[in-house]
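Given next are the chains, with one letter for each unit.
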Amino acid sequence: MRVRALAASILSSAAVLAVGWQLGGQGQVQVAPDAAAPAASAATTAAPQAPSAAASTPTAAAPTAATPTAAATAPVAAAPTASGTFTGSVSRTRYGNVQVQITVANGSITDVTALQLTNDGGKSVSISNRAAPVLRTEVLKAQSANVQSVSGATYTSEGYLSSLQSALDQAGL
Amino acid sequence: MTLRTASGTSASGASPTARRAVAVNRDRAVRIRRRLRAADLMVMLCWVSVALSVSLWLAYGGAAQVTDVASALTAGGIVSGLVGTDLILVMLVLAARLPVIDRVVGQDAAMALHRRLGKPALYLILVHGVLLTIGYALTDGSSVIAETISLFSGPDMALAYLGLALLIAVVVTSLVAVRRRFSYEAWHLVHLLSYAAVLVALPHQLSVGGVLADGTLQRVYWIGLYVLAFGSIALFRFILPTLASLRHGIRVAGIEPVAPGVVSLHLKGRQLDRLRVEGGQYAVWRFWTGSTWWHAHPISFSAVPTATSARITVRELGAGSAALGRVRVGTRVWFEGPYGVFTDAHRVAPKMAVVAAGIGITPIRSLLEHASLQPGEATVLLRATDPSQTYLWNEVAGLPSMSGNSVYTMLGARPHGLATWMSAEAIARGVTIASAFPELLSSDLYVCGPQSWADLVVRDARAHGLPDAQIHIERFDW
């Protein structure tokens, strides 16, 4: 009977871990392709990105110098506008510096990495650790720096989003 | 060995008896299956709770954040903190004396697991602190000491360090070598600090780090776990015992000296039959006198309670139990319980073999009183060093359930230099556990007496091939 307890424990624990892994993996789905190919010109990444690239093209086209390219490629939809990684400027906050790097594939943001986060004191490290994934998810969803700051992490959020905006400007998005 | 009663009406073709035995065995088999299933489920729940605490971190996307040594150390720190805290909460649930846990595996087994988890849980919490400090220090490029100082500066973190210090104090004072220097009460008081340690650690879990961040399912689950653990303690250790004590209004009705240093306390109360005490069970008693109220004593029922009366028998061992002989008639008594799996309901085999030594007779006496035994079903061996320790022996032979069953007695000291539970005289006559209990392998063996003595009985039974499922042992010396 103890064999049964052991087997049941192993099976159910494995199931619980698998579900956790799966849930955790869902937030990372977008990361997977760009982590594998930062150059991001493969057809595999272009296909899923197509709708969002098309959607973001009008807003991206307006303020930037990339207008001709964007206009030319808009009907094609699958053609790349901007690709690669862009590092934002360093934002200084009273709790330390914040700097982010974005990965862009075909005109859409596929990943945001925090290079520096507010780290003066253990509390702000922990606040940053909490805020950064939230901001990253929001930015990936909104495809812009137009997201709400995380409550309780105002300085981190402001620094994060301003560094992000400078990276977006460089990417011409 | 002397034969006390042996009116052998062996079930010679008595078909109604045989049919009844079959029915009893069938019921017993069903109960065993159910109990084993519940026990397996509980083991599984323990492991699943550990897996879940790792899963909280996985679902948060923790695995993807591991990119270098610093983030791997930080991740290790987070996971060990989650698992360590989960284990401490499991320990609290085990110590809460949940009726279902006591019924299925017994509070003894639950507390054995509780003790086994103590050190791993502390190590995990220590690893949690060490890994996170090193991980953060590497990320920030600062020294471990500077990082510790900066970590300490947060208000929740000061509480977390306090919790860690309390936890270390609790585990250190629980180590056997250290514990001997403390009185039980002092140790127990320190032990209660573990509740405080787990509580003061909660704020930093919720405010620091992202796994249990605001608005996540993880946070809901984690708080639920805390509520479950502390709720069980509050409900089953404090609220329900208090209500039951008030409801049954037990008072000391009489004090009867049984032998030098041994007294039976006769108790009276309301609706005591509603407690559904099974023979062989115990309760944790608190006597409201000036010198005894702060000390709860686990003492076995030496008789199955009636609607208005109960009896417990106690030998004066510690200072606390010596004072019990001096409580006055009318003293108010609070209790927690009944607890224990040393009962007829936990039998697995068709026959019963019973050994009791000294004051270990008390649960045996009520066990035999409560069991509905067929003639020839049970064999009882009562053991004492000298005639002054033959407490309640006269009562055992006179129990209605013992008619047609054999009660043997074995008096005399153990031989020098030989690890045995039997008297020198019995050893000289070549008595073994197999000769004392000819049907041992088809019996449940019930053993109660001093621990080292009981261990020797169990050793002999195992050597004879008796499976552990058929061995029932109640370990206490009071």
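Rules used in this analysis
Residues numbered from 1 in each chain as written. Chains lettered and ligands numbered in written order. Predicted model: local features only at pLDDT ≥ 70, side-chain atom pairs only at ≥ 80, totals over all residues. Heavy atoms only, no water. UniProt positions renumbered as here; feature names shortened; annotations may be inferred. Contact = heavy atoms within 4.5 Å. Buried area = accessible area lost by both parts, 1.4 Å probe. Salt bridge = Lys/Arg side-chain N within 4 Å of Asp/Glu carboxyl O. Polar contact = N/O pair within 3.5 Å; in protein donor to acceptor, adjacent residues only side chain to side chain. Helix = DSSP H or I, 4+ residues; strand = E, 2+ residues; numbered from the N terminus. Nonpolar A, V, L, I, M, F, W, Y, C, P; charged D, E, K, R; others polar. Expected span 1.5 Å × (residues − 1). Bend = angle between axes of the 7 residues up to and from the residue. Buried < 20%, exposed > 50% of the residue type's maximum accessible area, 1.4 Å probe, protein only. Pairing = 2+ DSSP bridges. Axes fitted to C-alpha atoms, helices over the stretch in contact; angles between N-to-C directions. Domains from an automatic or database assignment. Phe/Tyr/Trp six-rings, centres within 6.5 Å; stacked < 30°, edge-to-face > 60°. 1 Å grid on protein atoms, 1.4 Å probe; cavity = no way out; pocket = protein on both sides within 12 Å on 5 of 7 lines; lining within 4 Å. Points joined across faces, edges and corners; volume = space filled by probe spheres on them. pLDDT = per-residue confidence, 0-100.

Chain B carries the name Oxidoreductase in an unreviewed UniProt entry, which gives Agreia bicolorata as its organism. Recorded in UniProt for chain B, the comment headed Cofactor (unreviewed entry) runs: "FAD". What the UniProt record of chain B gives under Subcellular location (unreviewed entry) is the line "Membrane".

As recorded in an unreviewed UniProt entry, chain A goes by FMN-binding domain-containing protein and comes from Agreia bicolorata.

Trainee: Would you explain the interface of chain A and chain B in this entry?
Mentor: Often the size quoted for an interface is simply the accessible area lost on bringing the parts together. Contacts between chain A and chain B engage 23 residues on the former and 30 residues on the latter. Between chain A and chain B lies a buried interface of about 2200 Å² when both sides are counted; carbon and sulfur atoms form 65% of it. Where chain A touches chain B, the interface holds 1 salt bridge. For Arg4(A), the salt bridge is made with Asp40(B), and the minimal N-O distance between the two is 2.8 Å. If you look at where chain A meets chain B, you find 4 residue pairs in polar contact (both at pLDDT 80 or more). When residues of the side of chain A that touches chain B are traced back to their parent elements, those giving at least two are α1 (2-26) and α5 (122-142) of chain A. Per element, the largest residue contribution to the side of chain A that touches chain B is 12 residues, and it comes from α1(A). Of the residues in the side of chain A that touches chain B, the class split is 9 nonpolar, 11 polar and 3 charged.

Trainee: Could you clarify how one ought to interpret helix α4 (residues 107-140) of chain B in this entry?
Mentor: The α-helix advances 3.6 residues per turn, and as a result positions three or four apart in sequence lie on the same side. With 34 residues, α4(B) extends 48 Å from end C-alpha to end C-alpha; this agrees with the ideal 50 Å at 1.5 Å per step. Its maximal kink placed at Gly118(B), α4(B) deviates by approximately 30°, while the proline Pro120(B) follows within four residues.

Trainee: Explain the pattern of salt bridges to me, please; I cannot follow it from the model alone.
Mentor: Two side chains bearing opposite charge may form a pair once their charged atoms approach each other closely. Residue and element names in this part refer to chain B. What the rule picks out here adds up to 15 salt bridges over all chains. For arginine 365, the salt bridge identified is with glutamate 369, shortest N-O distance 2.8 Å. Of this pair, arginine 365 and glutamate 369 both sit in helix α12 (residues 361-370), 4 residues apart, which is roughly one turn of the helix. In this structure arginine 365 comes out as buried when scored by relative accessible area, which is 10%. By relative accessible area, which is 30% here, glutamate 369 ends up partly exposed. Taking the shortest distance from any N to any O, the salt bridge between arginine 462 and aspartate 468 comes out at 2.6 Å. Classification of arginine 462 as partly exposed rests on a relative accessible area of 48%. When salt bridges that share partners are traced, they join Arg311, Arg365, Glu369 and Glu395 into one network.

Trainee: Quick question: what am I supposed to make of the sheet that holds strand β6 (residues 309-315) of chain B here?
Mentor: Strands belonging to one sheet form pairs held by backbone hydrogen bonds; the direction of such a pair is parallel or antiparallel. All names here are of chain B. Read from one edge of the open sheet, 6 strands run β2-β3-β6-β5-β4-β7, paired in antiparallel fashion. In this open sheet, the two edge strands, each paired with only one partner strand, are β2 (251-259) and β7 (333-339). Within the sheet, the average angular offset between the axes of one strand and its neighbour, ignoring direction, is 35°. In terms of strand pairing, strand β4 (residues 282-287) meets strand β5 (residues 296-303) through 5 bridges, oriented antiparallel. Within the sheet, the bridge partner assigned to tryptophan 285 lies in β5 and is histidine 297.

Trainee: How do you make sense of the domain arrangement of chain B when you look at a structure like this?
Mentor: Looking at the assigned domains, one finds that chain B contains domain 1 (2-25 + 343-475), domain 2 (60-242) and domain 3 (249-339). With centres defined by C-alpha atoms, the gap from domain 1 of chain B to domain 2 of chain B works out at 44 Å.

Trainee: How should I be thinking about the packing of aromatic side chains in this particular structure?
Mentor: The way to describe two aromatic rings as a pair is by their centre distance and the angle between their planes. Residue and element names in this part refer to chain B. Under the definition given, this model contains 10 aromatic pairs over all chains. Ring geometry for tyrosine 226 and phenylalanine 230: centres 6.0 Å apart, planes at 10°, overall stacked. Pair noted here: tyrosine 226 and phenylalanine 230 are both in helix α10 (residues 217-248), with a separation of 4 residues, about one helical turn. Of the residues examined, phenylalanine 230 reaches a relative accessible area of 19% and is grouped as buried. With a centroid separation of 5.5 Å and 70° between ring planes, the pair formed by tryptophan 285 and phenylalanine 301 is classed as edge-to-face. One end of the pair, tryptophan 285, is in strand β4; the other, phenylalanine 301, is in strand β5, and 16 residues separate them in sequence.

Trainee: Is there a simple way to explain the environment of Leu52(B) in this structure?
Mentor: Relative to the elements of secondary structure, Leu52(B) occurs in helix α1 (residues 15-59). On the accessibility criterion, Leu52(B) (26% relative accessible area) is partly exposed. Sequence-wise, Leu52(B) and Asp86(B) are 34 residues apart; in three dimensions their C-alpha atoms are separated by 9.1 Å. Aside from chain neighbours lying at most four places away, what touches Leu52(B) is Val16(A) and Tyr221(B).

Trainee: Quick question: what am I supposed to make of empty space enclosed by the protein here?
Mentor: Over the atoms, a rolling probe the size of a water molecule traces out where space has been left empty. Residue and element names in this part refer to chain B. A full pass over the atoms with the stated rule returns 1 cavity of 30 Å³ or more. By volume, the largest cavity is sized at about 50 Å³. Lys351, Met352, Ala353, Gly376, Glu377, Ala378, Thr379, Phe437, Pro438, Glu439, Leu440 and Ser443 are the residues that line the largest cavity. The element best represented in the lining of the largest cavity is strand β8 (residues 351-357), accounting for 3 residues. Of the residues in the lining of the largest cavity, the class split is 6 nonpolar, 3 polar and 3 charged.

Trainee: Is there a simple way to think about unusual backbone geometry in this case?
Mentor: Most peptide bonds are trans, and most residues other than glycine sit at a negative phi. Note the cis peptide between Gly337(B) and Pro338(B), where omega equals 0°. With phi around 55°, Gln143(A) is a residue other than glycine that occupies positive phi space. Inspection of the secondary structure assignment puts Gln143(A) in the loop between α5 and α6 (154-171). The partly exposed category is assigned to Gln143(A), whose relative accessible area is 22%. In this structure, Arg276(B) is a non-glycine residue whose phi angle is positive, near 50°. Classification of Arg276(B) as exposed rests on a relative accessible area of 70%.

Trainee: Before we go on, may I ask you to explain the confidence of the model for chain B in this structure?
Mentor: Low pLDDT marks stretches whose predicted atomic positions should not be read closely. The predicted model of chain B has a mean per-residue pLDDT of 88, with 94% of residues at 70 or higher. Put simply, strand β1 (residues 2-5) of chain B is where chain B has its lowest mean pLDDT, 42, and α10(B) is where it has its highest, 95.

Trainee: Looking at this structure, how should I read the environment of Glu138(A)?
Mentor: With respect to the helices and strands, the residue Glu138(A) is situated in helix α5. Linking Glu138(A) and Asp111(A), residues 27 residues apart in sequence, is a C-alpha distance of 11 Å.

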